[in-house]
Amino acid sequence: MWFASARQGYAGLNMFTARQVDGKWREIRYAGEQLMKQFEIGEVHLHGDQLFFHSRRAGGKGDYDIWVTTRDGTGWTEPVSIDAINTGAVEGWPFVSSDGTELWFTRVHLGTPAVFRSELIGGVWGAPELIVSQFAGEPTLDAAGNLIFVHHFYEDGVMIEVDLYVAARKSQTR
């Protein structure tokens, strides 16, 4: 498990990992200086040996951008910006489908967060499509491919409530 935590001995929020042993989460470890300081990771999604994350690190296209790095022995490869989806806007909160063919993420669109999806075709991420607009973000898919996302409610420019929603995946007929 990967999780963010503010812990004694560390400045600000940092990423940690834990392993489940005998039904309990143990072996809590700091994600490391390479990821936290050098790569400046934010929200993450681990898919196999690839770590997708958002960051404001140098070399991106705008505010937050989505990057990917791969486990390489004891460390991680130099992150690569996913240029097909990154713009001058905020892109973040990545989630990759279990089969690795869909990258779901949040983009600030028309002034509010919205859920987008990019498909991996021939090893290349395609142009993203808007899936849920207006105050929706932080997408996740369940095992059946249903979309789970948060919906933010604002009043007079202040967020007053956050709820979880589920959108059922349409069955595909061929």
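To start, this report covers the structure provided alongside it. (Residues numbered from 1 in each chain as written. Predicted model: local features only at pLDDT ≥ 70, side-chain atom pairs only at ≥ 80, totals over all residues. Heavy atoms only, no water.)

With respect to topology, three strands assemble into an open sheet ordered E1-E2-E3, the strand pairing being antiparallel. The two strands at the open ends of the sheet, each matched to only one other strand, are strand E1 (2-6) and strand E3 (24-30). Sheet twist, expressed as the average angle between the axes of neighbouring strands with direction ignored, equals 45 degrees. In terms of strand pairing, E1 meets strand E2 (residues 13-21) through five bridges, oriented antiparallel. The partner of Ser5 across the bridge, within E2, is Asn14. (Pairing = 2+ DSSP bridges. Helix = DSSP H or I, 4+ residues; strand = E, 2+ residues; numbered from the N terminus. Axes fitted to C-alpha atoms, helices over the stretch in contact; angles between N-to-C directions.)

Despite not being glycine, Glu27 has its phi angle at roughly 55 degrees, a positive value. Note that Glu27 resides in strand E3. Judged by relative accessible area, which is 38%, Glu27 ranks as partly exposed. Even without being a glycine, Glu40 presents a positive backbone phi close to 55 degrees. (Buried < 20%, exposed > 50% of the residue type's maximum accessible area, 1.4 Å probe, protein only.)

With that settled, consider the packing of aromatic side chains. This structure, assessed with the given rule, holds nine aromatic pairs. Judged by centre distance (4.9 Å) and plane angle (40 degrees), the ring pair of Tyr10 and Tyr30 falls under tilted. Here Tyr30 lies in strand E3 and Tyr10 lies in the loop between E1 and E2, a separation of 20 residues in the sequence. Classification of Tyr10 by relative accessible area gives partly exposed; the value is 36%. Pairing Phe105 with Phe116 gives two aromatic rings, centres 5.8 Å apart and planes at 20 degrees, and the pair type is stacked. Taken together, the residues Phe105 in strand E10 (residues 102-109) and Phe116 in strand E11 (residues 112-121) connect sequence positions 11 residues apart. The burial state of Phe105 is the same as that of Phe116; both residues are buried. Every member of this aromatic cluster is reached through a ring pair, and the members are Phe3, Tyr10, Phe16 and Tyr30. Above the face of the Phe16 ring, Arg7 is positioned so that its terminal group lies 5.2 Å from the ring centre. Over the ring of Trp67 we find Arg57, and its NZ or CZ is 4.9 Å from the ring centre. (Phe/Tyr/Trp six-rings, centres within 6.5 Å; stacked < 30°, edge-to-face > 60°. Lys NZ or Arg CZ within 6 Å of the ring centre and 35° of its normal.)

The next thing to look at is the nonpolar core. With 11 residues, the main nonpolar core is built from Phe52, Ile66, Val68, Ile82, Ile85, Val96, Leu103, Phe105, Ala114, Phe116 and Trp125. Elements with a minimum of two residues in this core: strand E6 (65-72), E10 and E11. Beyond its immediate stretch of four places on either side in the chain, Ala114 contacts Phe105, Thr106, Arg107, His109, Leu130, Val132, Ser133, Gln134 and Ala136. Ile41, Val44, Phe53 and Trp67 belong to the second-largest nonpolar core, a separate cluster that totals 10 residues. (Core = buried A, V, L, I, M, F, W, Y, C linked by side-chain atoms within 4.5 Å. Contact = heavy atoms within 4.5 Å.)

All right, on to the pattern of salt bridges then. Summed over all chains, the structure comprises 10 salt bridges. Residues Glu129 and Arg117 are paired through a salt bridge, measuring 2.3 Å at the closest nitrogen-oxygen approach. Pair noted here: Glu129 is in strand E13 (residues 129-132) and Arg117 is in strand E11, with a separation of 12 residues, a long-range link. Residues joined in a network through salt bridges with shared partners are Glu102, Arg117, Glu119, Glu129 and Arg169. (Salt bridge = Lys/Arg side-chain N within 4 Å of Asp/Glu carboxyl O.)

Glancing now at the environment of Trp25. Relative to the assigned elements, Trp25 resides in strand E3. With relative accessibility at 43%, the residue Trp25 sits in the partly exposed group. In this structure the C-alpha to C-alpha distance between Trp25 and Trp76, which are 51 residues apart in sequence, comes to 24 Å. With residues up to four places along the chain from it excluded, the contact list for Trp25 reads Met1, Ala18, Arg19 and Gln20.

Just distances and angles here, no functional claims.
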